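# Descriptive structure summary
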Amino acid sequence: MPSSLDQFLSAIGYPERAPEGATSFSVLVDGGEVLVRAEPGRLLFSRALACDEGDLPRLASFAPGRMLREEAILAADPTPGGAALLWRELPADASAGAMQLAFESFCDSCDWWLERIDEFSAPEPEIPPLMIRP
């Protein structure tokens, strides 16, 4: 019987297979890596979000609203200079369709958080000078 990790990779149509006996596998998605880890009774998706340590409080301010909207959870590595991390768990015995849907949803969540991080580093727009029209 294939492992839950192999079932997951097959469900999303990933072209590679996990090595024999592997409990984790990195899936390349949109230029980034999502780590998929098989644990007893569950699959765990996680992706590191590259951001400045000073951006963590701003990111955290979005977390409560996003938790109401999606299954992905924002976390932070407590070590100095630690990164932000987005993660989601899924029952290991989920159907192939549920695995695919959960992974697509997680990737959408990653995109949303990465867009917020990009906004933090974008320069502030200039305010156009006041124009008086006749």
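Provided above is the structure to which this section pertains.
Model, not experiment: these values are computed from the prediction.

### Quick word on the environment of R37
Within the secondary structure, R37 is located in strand 2 (residues 32-39). Exposure remark for R37: the relative accessible area of 29% places this residue in the partly exposed category. Filtering out sequence-adjacent residues up to four positions away, R37 remains in contact with T23, S24, R42, L43 and L44.

### Focus: the environment of D93
Of note, D93 is situated in the loop between strand 5 (84-91) and helix 3 (96-121). With a relative accessible area of 71%, D93 lands in the exposed category. Counting along the chain gives 51 residues from D93 to R42, while the straight-line C-alpha distance between them is 7.6 Å.

### Digging into helix 2 (residues 56-69)
Between its first and last C-alpha, helix 2 extends 20 Å over 14 residues, near the 20 Å set by a 1.5 Å rise per residue. The largest bend along helix 2 reaches roughly 40 degrees and is located at A63, with the proline P64 sitting one to four residues downstream. Listing the buried residues of helix 2 in full gives L56, L59, A63 and R66. The elements touched by buried residues of helix 2 are strand 4 (73-76), strand 5 and helix 3.

### Re the nonpolar core
By size, the foremost hydrophobic cluster in this structure holds 34 residues, and its most contacted members are F8, V27 and F45. Sort the elements by how many residues they give to this core and helix 3 lands first, with 10 residues. Those residues in contact with F45 that lie beyond four places of it in its chain are F8, V34, L35, V36, L86, W87, R88, L90, A102, F103 and F106.

### Some points on the sheet that holds strand 2
Spatial strand order, 1-2-3-5-4: 5 strands in an open sheet with antiparallel pairing. A strand with exactly one partner marks an edge of an open sheet, and here the two such strands are strand 1 (24-29) and strand 4. On average, each strand axis in the sheet is inclined to that of its neighbour by 30 degrees, with strand direction left out of account. Summarising the sheet, strand 3 (residues 42-49) and strand 5 pair through 8 bridges and their orientation is antiparallel. Within the sheet, the bridge partner assigned to S46 lies in strand 5 and is W87. Sitting on the sheet, helix 1 (residues 4-11) touches strand 1, strand 2 and strand 3, and the angle it makes with strand 1 is about 15 degrees. Strands in contact with helix 2 are strand 4 and strand 5; relative to strand 4, the strand with the most contacts, it is inclined by about 155 degrees.

### Describing the packing of helix 1 against helix 3
The relative placement of two packed helices is expressed as an angle between their axes plus a distance between the axes. The N-to-C vectors of helix 1 and helix 3 enclose an angle of 70 degrees; their axes lie 9 Å apart at closest approach. When the interaxial angle is binned, helix 1 and helix 3 end up roughly perpendicular. Contacts from S4, Q7, F8 and A11 in helix 1 reach A96, M99, Q100 and F103 in helix 3. Of the residues that constitute the contact of helix 1 with helix 3, the class distribution is 5 nonpolar, 3 polar and no charged.

### Notes on the side chain of R66
Inspection of the secondary structure puts R66 in helix 2. The class of R66 is buried, set by a relative accessible area of 12%. A polar contact is formed between the side chain of R66 and the side chain of E70, at a distance of 2.8 Å. When neighbours within four sequence positions are excluded, R66 is seen to be in contact with W112 and W113.

Cut-offs used in this document
Residues numbered from 1 in each chain as written. Predicted model: local features only at pLDDT ≥ 70, side-chain atom pairs only at ≥ 80, totals over all residues. Heavy atoms only, no water. Helix = DSSP H or I, 4+ residues; strand = E, 2+ residues; numbered from the N terminus. Buried < 20%, exposed > 50% of the residue type's maximum accessible area, 1.4 Å probe, protein only. Contact = heavy atoms within 4.5 Å. Expected span 1.5 Å × (residues − 1). Bend = angle between axes of the 7 residues up to and from the residue. Core = buried A, V, L, I, M, F, W, Y, C linked by side-chain atoms within 4.5 Å. Pairing = 2+ DSSP bridges. Axes fitted to C-alpha atoms, helices over the stretch in contact; angles between N-to-C directions. Parallel < 35°, antiparallel > 145°, perpendicular 65-115°, else oblique. Nonpolar A, V, L, I, M, F, W, Y, C, P; charged D, E, K, R; others polar. Polar contact = N/O pair within 3.5 Å; in protein donor to acceptor, adjacent residues only side chain to side chain.

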